[in-house]
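Here's the letter readout for the chains.
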Amino acid sequence: MFDQQSSKTPKIAIRNLYKIFGTSPETMVDLAKSGMAKPEMLKQHQHVLGLDDINIDMMAGEITVIMGLSGSGKSTLIRHLNRLIEPTDGQVLLDGEDVTQLSASGLQQLRHKKMSMVFQKFALLPHRTVLENAALGPIVRGEPAGPAKENAKRWLERVGLAGYEANYPHQLSGGMQQRVGIARALCSEAEIMLMDEAFSALDPIIRTDMQSLLLELQEELHKTIIFITHDLDEALRLADHLVVLKDGRVVQQGEPQGIILNPEDAYIETFVGDINRARVLRVRSIQSSDPAPAGSETISATATLEDAIERAKGNPDVIFSVSEGNSTQGSLNMRHVFKSLVPRRPSEETN
Amino acid sequence: MTDYSGTIDALGLREWCDGGVEAGGPMTMEQLLNATNGTATDDKGFLSTPFPSLDVLHNACGAIPRTRDMTAGIEDLFLAVKAPLKAVLDPITQPLSWALDGALAGILALPWMVTIPLIMLLVFYATRSLKTTFMVFGGLLVLSLIDHYTYAMQTLAIIMVCTVISVLFGIPIGIAMSRSDRLQRVSLPILDLLQTLPTFVYLIPLIFLFSVTEAKLYGIAIILYAIVPVIRLTDLGIRLVDKDVLEAVDSFGMSSRQRLMGVEIPLAMPNIMAGVNQTIMMSLAMVVIASLVSAPGLGTLVLRGINKLELGVGLVAGLGIVILAILLDRVTKTAMARVNRSMES
Ligand SMILES: Nc1ncnc2c1ncn2[C@@H]1O[C@H](COP(=O)(O)OP(=O)(O)OP(=O)(O)O)[C@@H](O)[C@H]1O
Ligand SMILES: [Mg+2]
């Protein structure tokens with residue numbers, strides 16, 4: 001499951017994580033380990049299997065997106081990283097250290113310095129100004145208010161909220177409030193940012209803006225971001241590594257393009273079935289290593305298939321030479337492009 | 001009057017009954033009531049067979065205690081525990097007497113031309129509203145004009161002391177209740193009881209415990225009654241604080257102390273203030289009744305109106321209480337609105 005990534009050491013490694021909600025979760029762990037699924041456990045033992053044997057590697061400087069339908073356990077999972085929820089069993093390793101074993105003061109240090117969080121409902125302090133909200137991290141750590149607010153002011157500017165420092169949250173629109181939420185997370189200077197459906201409460205246009213803002217910031221800051229969403233378009237736009245969750249289990253994870261091209265089961269197929277594949281898939285994902293015939297036009301490996309079709313003017317017989325950076329790396333056959341636009345059923349994979 | 005003798009004999013209890021001592025002891029309940037009402041009962045055949053109460057049964061069987069024996073027993077029990085209870089409660093509650101006596105002496109020692117501007121200044125500081133401040137001025141003017149200034153100030157002083165103490169104890173109790181479901185389960189019935197018991201009823205044990213000349217007697221009565229809303233609304237306010245906000249501040253590593261002082265109490269403030277408002281209003285209601293146990297102030301005038309049938313005195317004092325109530329309510333509500341405005345979401 002961690003194939004291509006196993007060469008690097010992950011920033012956060014989740015190992016065999018279980019979370020069971022109910023009156024005596026400990027007694028249910030063995031059942032879960034022996035393979036009992038969420039519906040059976042609920043029916044036979046009145047316990048909710050929140051997380052079921054989760055293993056994920058999250059790389060430093062990458063955006064790991066966790067996707068799944070409502071109730072699949074996304075919020076539960078992300079809250080284990082900073083232990084807002086205690087695990088029933090398993091490990092969460094941050095730089096090799098087990099977060100689940102931290103003492104109270106160790107946990108507080110982790111929340112102060114290493115992880116910050118952005119929430120779906122913004123969760124700003126209504127009685128504090130935008131500036132005071134943004135400076136929450138340093139203020140909670142007990143740092144002097146003066147420099148903390150200076151710093152917060154810079155971050156507010158960076159997210160496009162210069163001039164709103166003295167306002168109260170309720171005077172701002174939803175999009176602006178979430179910008180404060182992001183400034184608050186950035187101002188704490190933590191290297192890891194947890195974002196639980198951070199953009200889900202925003203309308204579509206603002207949402208796209210916020211995604212752009214996040215990508216722009218990420219370009220410059222290289223944080224380790226764990227991003228939760230139930231929206232595939234958002235996931236594909238942001239993800240370096242995509243994890244699909246269902247009933248508390250990881251059904252597939254990996255590079256997002258690979259998941260679209262090779263969905264491993266029907267659940268993922270329904271997810272990826274009705275997206276605009278031409279706009280999401282990139283040349284890199286379906287190019288072949290064969291060299292292109294001499295004299296063919298070059299196309300960037302990061303171009304979308306939509307770009308490629310446009311360049312070829314819809315002609316299926318065109319073959320492009322693919323360039324990655326400055327070097328050329330094989331070819332793109334337009335016939336493969338058109339074929340890849342049709343979603344494959346998991347059962348057809350063997351053909 | 002021997003209606004039940006036959007029954008006793010039939011049950012074979014005669015011997016046990018006559019083993020007890022006859023005669024002596026206090027009056028029966030019937031005699032007591034006859035003495036106060038001045039009427040006598042006479043026998044009227046079967047239909048007038050009395051209910052087999054303790055007194056009636058006692059007539060048939062001497063071993064059964066009479067109701068008056070029971071009330072006397074309770075009185076004895078109370079007297080027995082009084083000394084140790086008083087030894088504990090007296091020193092603890094002594095500061096309350098000092099505070100009340102001090103406040104009463106203080107407010108009357110100040111000349112009116114100092115007190116009235118001081119009150120207005122305080123009101124303006126709390127409400128930042130000129131309108132409310134002048135309303136208070138007008139109210140005080142009316143009260144002073146009809147020579148009720150001294151009484152009104154006494155009432156005000158008692159209310160202030162009792163409110164401050166109620167808040168001082170009520171808020172921490174409320175916070176503790178919001179932290180523990182078990183404590184809440186235990187406390188709520190007690191709070192209900194304090195609020196539903198008619199005031200007269202819990203004046204009785206207090207009179208036994210403390211002498212009527214001590215200020216703490218009425219102080220305790222007022223506080224017990226008025227503390228309930230601050231406790232309730234502090235508990236409620238803190239429980240109602242947005243869980244998402246609490247989760248957010250937790251995720252930034254706030255300590256529980258930072259959380260309480262910086263988030264929970266400020267966000268519960270509208271509710272806590274509503275509790276304080278109710279506490280003040282209930283103190284006022286109680287301070288009037290407490291004039292029965294020598295609380296000074298407007299209540300004493302009302303009491304005189306009742307006792308001596310001085311209709312005018314009673315009515316005018318009642319009017320003074322209404323004015324005071326309106327002023328207190330307006331001031332606290334305006335102050336509340338100001339706090340709420342600065343943090344609505
Ligand atoms: N405190 C709890 N007690 C019992 N069950 C819980 C608790 N918290 C979560 N669950 C259950 O765990 C499962 C996962 O919940 P979770 O909130 O993580 O889902 P989610 O993927 O974040 O969904 P959404 O998209 O609606 O936010 C759900 O079935 C939920 O009912
Ligand atoms: Mg969720």
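Look above for the structure.
All residue numbers refer to positions counted from 1 along the written sequence of the respective chain. Following the order in which they are written, the chains are lettered starting with A and the ligands numbered starting with 1. The model is predicted, so local features are restricted to residues of pLDDT at least 70 and side-chain atom pairs to those at 80 or more, both for listing and for counting; the totals for chains, interfaces and linings are taken over all residues. Remark: hydrogens and water are excluded; side-chain values derive from all non-hydrogen atoms of the structure.

Let us now look at the packing of aromatic side chains. All names here are of chain B. Two aromatic rings, drawn from Phe, Tyr or Trp (for Trp, its six-membered ring), form a pair once their centres lie within 6.5 Å of each other, and the interplanar angle then sorts them: stacked below 30 degrees, edge-to-face above 60, tilted otherwise. Counted by the stated rule, this structure contains 3 aromatic pairs over all chains. Between Phe78 and Phe208, the ring centres sit 5.4 Å apart and the planes meet at 70°, which makes this aromatic pair edge-to-face. Of this pair, Phe78 sits in helix H5 (residues 67-109) while Phe208 sits in helix H10 (residues 199-209), placing them 130 residues apart in sequence. A relative accessible area of 31% places Phe208 in the partly exposed class. Positioned over the ring face of Tyr125 is Arg128, at 5.2 Å from the centre of the ring. The way it works is that DSSP assigns letters per residue, a run of H or I at least four long becomes a helix, a run of E at least two long becomes a strand, and they are numbered from the N terminus. Between buried and exposed lies partly exposed: a residue is buried under 20% and exposed over 50% of the maximum accessible area for its type, with that area taken using a 1.4 Å probe on protein chains only. Working rule: Lys NZ or Arg CZ, within 6 Å of ring centre, within 35 degrees of ring normal, means a charge sits over the ring.

Turning our attention to the sheet that holds strand S13 (residues 327-333) of chain A. Residue and element names in this part refer to chain A. With mixed pairing, 3 strands are arranged side by side in an open sheet as S11-S12-S13. The two strands at the open ends of the sheet, each matched to only one other strand, are strand S11 (298-300) and S13. Going across the sheet, the axis of each strand differs from the next one's by a mean of 40°, ignoring polarity. At least two bridges found by DSSP between two strands are what make those strands a pair. Bridge count for S11 against strand S12 (residues 319-324) is 3 bridges, and the pairing is parallel. Note that in S12 the partner of Ile299 across the bridge is Val322. Between N-to-C directions, angles span 0 to 180 degrees; the directions come from axes that are lines fitted to C-alpha atoms, helices contributing only their stretch in contact.

On to the interface of chain A and chain B. Whether two residues are in contact is decided by their heavy atoms, any of which lying within 4.5 Å being enough. Contacts between the two partners involve 26 residues from chain A and, on the opposite side, 20 residues from chain B. Buried area between chain A and chain B, both sides added, is near 1,900 Å², and the carbon and sulfur share of it is 65%. The term salt bridge refers to a side-chain nitrogen of Lys or Arg lying within 4 Å of a carboxyl oxygen of Asp or Glu. On inspection of chain A and its partner chain B, the count reaches 2 salt bridges. A salt bridge links Asp244(B) to Lys121(A); the nearest nitrogen and oxygen atoms lie 3.7 Å apart. For the purposes of these results, a polar contact is taken to be a pair of N or O atoms within 3.5 Å, where, inside protein, one atom must be able to donate a hydrogen and its partner to accept one; residues adjacent in sequence count only when each atom of the pair is a side-chain atom. At the surface where chain A touches chain B, the tally comes to 7 residue pairs in polar contact (both at pLDDT 80 or more). If you list the elements that add at least two residues to the side of chain A that touches chain B, you get helix H4 (104-114), strand S6 (115-118), helix H6 (136-140) and helix H8 (174-187) of chain A. At 4 residues, the largest contribution of residues to the side of chain A that touches chain B is made by H6(A). All amino acids are sorted into three groups, where Ala, Val, Leu, Ile, Met, Phe, Trp, Tyr, Cys and Pro are nonpolar, Asp, Glu, Lys and Arg are charged, and the leftover types, Gly among them, are polar. Across the side of chain A that touches chain B, the residue classes tally to 13 nonpolar, 8 polar and 5 charged. Accessible area that two parts lose when put together, evaluated with a 1.4 Å probe and summed over both, is termed the buried area.

Moving on, we come to the side chain of Thr129(A). Counting through the fold element by element, Thr129(A) comes out in the loop between S6 and helix H5 (130-134). Residue Thr129(A) is classed as buried on the basis of its relative accessible area of 13%.

Attention now goes to the pairing of strand S1 (residues 12-21) of chain A. Residues and elements named next belong to chain A. Of all 10 residues that make up S1, 7 are buried, and the element is covered over most of its length. Pairing analysis gives 5 bridges linking S1 to strand S4 (residues 89-94), with the strands arranged antiparallel. Among the inter-strand pairings, Ala13 is bridged to a residue of S4, identified as Leu93. Pairing of S1 with strand S2 (residues 48-58), which is carried by 7 bridges, proceeds in the antiparallel orientation. Following the sheet pairing, Ile14 is matched in S2 by Ile56.

Right, let's talk about empty space enclosed by the protein for a bit. Empty space among the atoms can be located by rolling a probe the size of a water molecule over them. All names here are of chain A. With a 1 Å grid spanning the protein atoms alone, the term cavity applies to any set of points in which a 1.4 Å probe fits but cannot get out, the term pocket to an open set with protein on both sides within 12 Å along at least five of seven lines, and the term lining residue to any residue with an atom within 4 Å of a point. Grid points are joined across faces, edges and corners, and a volume is the space filled by probe spheres set on the points. Applying the stated criterion to the full structure yields 1 cavity of 30 Å³ or more. Around the largest cavity, the lining residues are Leu186, Met193, Leu214, Leu217, Gln218, Leu221, Lys223 and Ile225. For the lining of the largest cavity, the element with the most residues is helix H9 (residues 204-221), which contributes 4 residues. In the lining of the largest cavity, the residues fall into 6 nonpolar, 1 polar and 1 charged.

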